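# A look at the structure
Here's the letter readout for the chains.
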Amino acid sequence: MKQLNKIESIIFVVGALLMLAGAIMGLFKLSWFPHVYAIGAIGFASMQMLQRYEGTNFVIRRLRRIMVLSDVLFLLTAVLMFANQGNALGLDWIYYLNYVKNNWVVLLLVAAILQLYTTYRIGNELEKEAKK
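The structure contained in this document is the topic of the report that follows.

## Describing the packing of helix 2 (residues 33–50) against helix 3 (residues 58–84)
Relative orientation and spacing of two packed helices are given, respectively, by the angle between their axes and the distance between those axes. With their axes 9 Å apart at the nearest point, helix 2 and helix 3 run at an angle of 165° to one another. Here helix 3 runs roughly antiparallel to helix 2, going by the angle between their axes. Handedness of the crossing formed by helix 2 with helix 3: left-handed. Taken together, the residues of helix 3 that come into contact with helix 2 (itself represented by Phe33, Pro34, His35, Tyr37, Ala38, Ala41, Ile42, Phe44, Ala45, Gln48 and Met49) are Arg64, Met67, Val68, Asp71, Val72, Phe74, Leu75, Thr77, Ala78, Met81 and Phe82. Its residues assigned to classes, the contact of helix 2 with helix 3 shows 17 nonpolar, three polar and two charged.

Structural data, given as structure tokens:
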């Protein structure tokens, strides 16, 4: 895996912390929580997408694709957080309550589970590859 330089690593960590802070603020219904989360998600996802795998191990390549999917889900979570602020999409109120209202939490959970799984598995696979 391509390693991030020092500045990219700082952006990565700060992005992760901003995502965490934004999600926690969302639980307390602070009005500007989507902005904090979105800035963090953009920083986190973009830095993670810069980490490329140039090897030939099929398992790691598949796990990287899943990790990129979780990054996209993190970004879609930010979109749903903004939509959660009000019926900005112009949907019928029933559709809004059924399909948008607080569903960012579900998307965030799915993305976080995928991220944890792929991070753990990629670490194990890189360790196996290093031993060969």
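## Comments concerning the side chain of aspartate 71
Secondary-structure assignment places aspartate 71 in helix 3. We note that aspartate 71 is buried and unpaired, the nearest opposite charge coming from arginine 64 at a distance of 5.5 Å. The contacts of aspartate 71, once residues within four sequence positions are left out, are Phe44, Ala45, Gln48, Met49 and Gln115.

## Details of the pattern of salt bridges
Scanning the entire structure with this criterion turns up two salt bridges. A salt bridge links glutamate 125 to lysine 128; its shortest N-O distance comes to 3.6 Å. Pair noted here: glutamate 125 and lysine 128 are both in helix 5 (residues 104–131), with a separation of three residues, about one helical turn.

## A short note on the layout of surface pockets
Put simply, the largest pocket is a space of about 250 Å³. Ala16, Met19, Leu20, Phe74 and Ala112 are, among the 13 residues lining the largest pocket, the residues nearest its centre. When contributions to the lining of the largest pocket are tallied by element, the ones reaching two or more residues are helix 1 (6–27), helix 2 and helix 5. The element best represented in the lining of the largest pocket is helix 1, accounting for seven residues. Residue composition of the lining of the largest pocket, grouped by class: twelve nonpolar, one polar and no charged. Volume-wise, the second largest pocket comes out at about 170 Å³. Lining the second largest pocket, in full, are Met49, Gln51, Arg52, Tyr53, Arg61, Arg64, Arg65 and Val68.

The rules behind each value
Residues numbered from 1 in each chain as written. Predicted model: local features only at pLDDT ≥ 70, side-chain atom pairs only at ≥ 80, totals over all residues. Heavy atoms only, no water. Axes fitted to C-alpha atoms, helices over the stretch in contact; angles between N-to-C directions. Helix = DSSP H or I, 4+ residues; strand = E, 2+ residues; numbered from the N terminus. Parallel < 35°, antiparallel > 145°, perpendicular 65-115°, else oblique. Left-handed = near helix turned anticlockwise from the far one by under 90°. Contact = heavy atoms within 4.5 Å. Nonpolar A, V, L, I, M, F, W, Y, C, P; charged D, E, K, R; others polar. Buried < 20%, exposed > 50% of the residue type's maximum accessible area, 1.4 Å probe, protein only. Lys, Arg positive; Asp, Glu negative; His and termini not counted. Salt bridge = Lys/Arg side-chain N within 4 Å of Asp/Glu carboxyl O. 1 Å grid on protein atoms, 1.4 Å probe; cavity = no way out; pocket = protein on both sides within 12 Å on 5 of 7 lines; lining within 4 Å. Points joined across faces, edges and corners; volume = space filled by probe spheres on them.

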